Amino acid sequence: MSEISKAYQPGDVEAKWYTRWLDNHCFRGDENSSDEAFSIVIPPPNVTGILHLGHVLNNTIQDILARRARMEGKDVLWLPGTDHAGIATQSKVEQQLRKEEGTTRRDLGREKFLERVWDWKEKHGGIIIKQLKRLGCSCDWERERFTMDEDYSRWVSKVFVDLFNAGLIYRGKRIVNWCPASLTALSDEEVIMKPQKSKLYYIKYELAGERGTFLEIATTRPETLMGDSAVAVNPNDKRYGHLIGQKAIRPFPEKEIPIIADDHIDPEFGTGVLKVTPAHDKADFEIGLKHDLEIIDVLNPDGTMNELAGEDFAGMDRFEARDKAAEKLDEMGLLIRIEEYENNVGFSERADVPVEPRVSMQWFLKYPKIEEATQAVANEEIRFRPERWKKTYLHWLENIQDWCISRQLWWGHQIPVWYRKDKAAELQNAESLDSSMEGADIHVGIHPPDDEENWVRDEDVLDTWFSSWLWPFATMTNSDGDPTATVKKFYPTSDLVTGPDIIFFWVARMIMAGYQFADGLPFKNVFFTSLIRDAKGRKLSKSLGNSPDPLDLIDKYGADGVRFGLMRIAPMGTDIRYDEDQIVEGRNFATKLWNAARYRQMQVSDASVTAAEKSIYAIDILAKLDALESNIEQAYSDYQFNEIAHLLYQFFWSEYCDWYLESCKGDFFEDADPAAKAATLETMDSVFRRFLALLHPFMPHITEELWENFAFNEDGIFLMNRKLSSEPVFEGLREERAVAAREQTLAIYEAVGRARNLKAEYNLAANRNVRLILDPTVEWIEAELPVLARLCGAAEVSLDKDHQTEQGVPVALTAIGKIYMPLEGLIDIDAEKKRLSKELGKAEAELVKVNSKLANEKFVSRAPEAVIEENRERQQHWKARAAELQQMIGNLEG
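Residues numbered from 1 in each chain as written. Predicted model: local features only at pLDDT ≥ 70, side-chain atom pairs only at ≥ 80, totals over all residues. Heavy atoms only, no water.

Caption draft 1: Region of the structure containing the pairing of strand S24 (residues 523-528). The buried fraction of S24 is high, at five of six residues. Looking at chain direction, strand S15 (residues 383-385) and S24 are connected through three bridges and run parallel. Counterpart to Arg385 in the pairing with S24 is Phe527. Pairing of strand S23 (residues 493-498) with S24 involves five bridges; the strand directions are parallel. Bridging from a neighbouring strand, Val497 pairs with Phe527 of S24. Note on the crossover from S23 through helix H16 (residues 503-517) to S24: the handedness is right-handed. (Buried < 20%, exposed > 50% of the residue type's maximum accessible area, 1.4 Å probe, protein only. Helix = DSSP H or I, 4+ residues; strand = E, 2+ residues; numbered from the N terminus. Pairing = 2+ DSSP bridges. Right-handed = clockwise from strand over helix to strand, strands pointing away.)

See below:
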């Protein structure tokens, strides 16, 4: 064994081992191996990203799965990469241009701007990859991919062309979610609905031809009334039936607009009358198409009002225009009242500004393979964990809308569509475009037309998710369609670990793409991670100051400490309440492991001594180690990572350190039997050999270090690449002696617990001068008295069959007999009686309070059942505590 340093230094150990793993290509997936395959693709983080706790949780789970699979003898490919993050990356570079050069992307032009983005990516894009390496992620870095890689980009173009030719991609003027900050369309999934305190404006439109007669309308957006092209009522609303077909007067710019009937109108909302603004509301747009209404767009792309809004509003911000419109209506006597109103408003996920429904020419995709994607999850060919997300997924597929796949950006995969120059303006402004129109004037292809100088390429780029939905197979294959050795070996992938917030963005779309382009499901299992919140239940965010920097945590507590601490508080299916104290516990567990290893190393082995028969404590710990392996295997199959962390912690800290090590310390005393010492060292080594292997996926660096320190790598194989043993730790666990040994150990440990409680009741927990007397009920206990005394923290445990003692001596009834604790010379009897009497007074006071509550009929009839039950439990607790204290006082009085 090599010397283990006194203090564990995680930074040094982690850097050392990560370098050695990389140098020895330990993370490489071998596509030519005959071993069973395990594969997982990393959810590609944004190339602009930096590590946050959500990444730590997600990637720790992936690393656990990958490392466990390697130790099961599988050939593992954990494929890493990053996403080009169209909006986020372009925004960062544009901000840099404005700040440092006072210029814009349009000043530079597309080609030079993209050069700047690539420069920025090369300089900053690898930050999160380096951070993932700090965490210990065992990705196959030699296969790292980027969604703008040349071959990956060809895949994206090929998919667009194939879907276009299949009639699934088309271009049309539709109402979309528009981000006024990023100046691009967004899909429904990129819009986050947030509750807002808004206002409901009650206004009135005068009827044409009936001066002085008005229709009352309720709206949250008076700033769009300049784009109104109709007023609508429900055809079954008797209040307004006589007005259908007549006209109302839009206040400004003043114009007569028709009063129409439409089933979409809710008679219960507001006044039951809707101002129809087809250019600025999705529902209004559908009504407009149905009734052939004029579409009047009164907004500029940046959210300011345009000239169609009128000269009073042109150039004004949309929210300023809202106040201005209300003010103008009031001046005209057309504003009735304003009410406070709570509603949900869509915000851009990236820019965090309210999106604007806007009519725009965009490219859309009719989703392919919806039925296959539905059945794969419904029939559990793909398993979701937690299972509740299955329902969410299936509900979305039932109500799926065409996907707006174009974005008004420059950074990304430019749409592979070209228009002949002399027809470009006409085609780009056409109301619709699909595969039926491809021909002499339109070219859709992976490569540009041969006479490219005569063509103009569509300026838009594809939604970032249009590239990432291909991730599982496009990262392993070539766009020419020929299957590679990698895809033959590792596709479909085994597991996907991701957040439920992208179940629609990514998971559902990947399943469809798998069936459309890769002949089947892309993965077999999906594990959805939990949302991390702070102790108050709030989401972690920089603005709240409650989101710690994971690198700071790694610097303080080590990567292994952070990983283990986080996994202990990450139950499947429920939000995580983050508490840094739990990360401290992870560091403390690493220290405990390190110190226990040092303690073993301090006990020098003598190879010339033949080990004695194993003690009952050794048999017990080895049996518990076997049970641990079995329980962990089951927990892995159920994806219960939190449970695995709990099992590992409980076994090592409690069963091994607190019980086994304390029970066997006598074997290292100077006068101890050398054969017993040798047997104990054998047991300790057996435990460490198996436990380090079980712990490795959670805490890879420290386990690899101790594996080498213990010289367990005698064959030169790293722990991370060593196959787990399938043999039990102790062969004879079912033999009569082993069964008896476990029963005896259990009896001793339970007796120790009661003896310790007895000491604690009299404030003697730390007093090692206590002398206990055991009136035994089993004969075998005599040989174990030294261990019993040591575990109880007693100076001595003496045997006295049928012991007779003075009345009042504290006693504990145990499976090995009665344990008496004479108090003479240990405590001040009068002072202890006074202390216990004071405690009794508090207990009786609490009992009176809870009895009073439960006797109050009003309380019992009105309080929730849970509150009543809690008070009943308190009643029983204080009743039992008062009786216990009375007994203790009685013992002292003799």
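Caption draft 2: Layout of helix H11 (residues 388-398). Taken together, the buried positions of H11 are Trp389, Lys390, Tyr393, Leu394, Trp396 and Leu397. Mapping the buried residues of H11 onto a view down its axis gives an arc of 155 degrees, with all of them on the same face. Residues of H11 that are exposed and angled more than 90 degrees away from the buried face: Lys391, His395 and Glu398. Against helix H10 (370-378), S15, H16 and S24 lie the buried residues of H11. (Arc of directions from axis to C-beta. Contact = heavy atoms within 4.5 Å.)

Caption draft 3: Geometry of a negative patch on the surface. A surface patch of like charges, here negative, comprises Glu320, Asp323, Glu327, Asp330 and Glu331. For Glu331, the position within the fold is in helix H9 (residues 318-331). For Glu331, a relative accessible area of 61% puts it in the exposed group. (Patch = residues over 30% accessible without salt bridge, like charges linked within 9 Å, V, L, I, M, F, W, Y side chains within 5 Å. Areas by Shrake-Rupley, 256 points an atom, 1.4 Å probe, with all protein chains shown as cover. Salt bridge = Lys/Arg side-chain N within 4 Å of Asp/Glu carboxyl O. Lys, Arg positive; Asp, Glu negative; His and termini not counted. Charge placed at Lys NZ, Arg CZ, Asp CG, Glu CD.)

Caption draft 4: Representation of the packing of helix H24 (residues 736-761) against helix H25 (residues 785-792) within the structure. Viewed as axis vectors pointing N to C, H24 and H25 meet at an angle of 40 degrees, and their least axial separation amounts to 9 Å. One way to sum up the angle between H24 and H25 is to call them oblique. Considering the relative orientation of H24 and H25, their crossing is right-handed. In this structure, H24 contributes Ile748, Tyr749, Val752, Ala755, Arg756 and Lys759 to the contact, and H25 contributes Leu788, Leu791 and Cys792. (Axes fitted to C-alpha atoms, helices over the stretch in contact; angles between N-to-C directions. Parallel < 35°, antiparallel > 145°, perpendicular 65-115°, else oblique. Left-handed = near helix turned anticlockwise from the far one by under 90°.)

Caption draft 5: Structural view of the layout of surface pockets. Size it by volume and the second largest pocket reaches roughly 1,400 Å³. Along its surface, the second largest pocket is lined by 42 residues, and Thr220, Arg221, Asp281, Asn343 and Asn344 are the ones closest to its centre. Where the lining of the second largest pocket is concerned, the elements lending two or more residues are strand S7 (191-207), strand S8 (214-219), strand S12 (273-276), helix H8 (282-291), H9, strand S13 (335-348) and strand S14 (356-365). Per-element tally for the lining of the second largest pocket: the top contributor is S7, with seven residues. Residues of the lining of the second largest pocket, tallied by class, amount to 15 nonpolar, 15 polar and 12 charged. (1 Å grid on protein atoms, 1.4 Å probe; cavity = no way out; pocket = protein on both sides within 12 Å on 5 of 7 lines; lining within 4 Å. Points joined across faces, edges and corners; volume = space filled by probe spheres on them. Nonpolar A, V, L, I, M, F, W, Y, C, P; charged D, E, K, R; others polar.)

Caption draft 6: Geometry of unusual backbone geometry. With an omega dihedral of -5 degrees, the bond running from Arg385 to Pro386 counts as a cis peptide bond. Positionally, Pro386 belongs in the loop between S15 and H11. The omega angle of the peptide bond from Tyr491 to Pro492 is 0 degrees, so this bond is cis rather than trans. Here Asp352, not a glycine, exhibits a phi torsion of approximately 55 degrees, which is positive. Mapped onto the elements, Asp352 comes out in the loop between S13 and S14.

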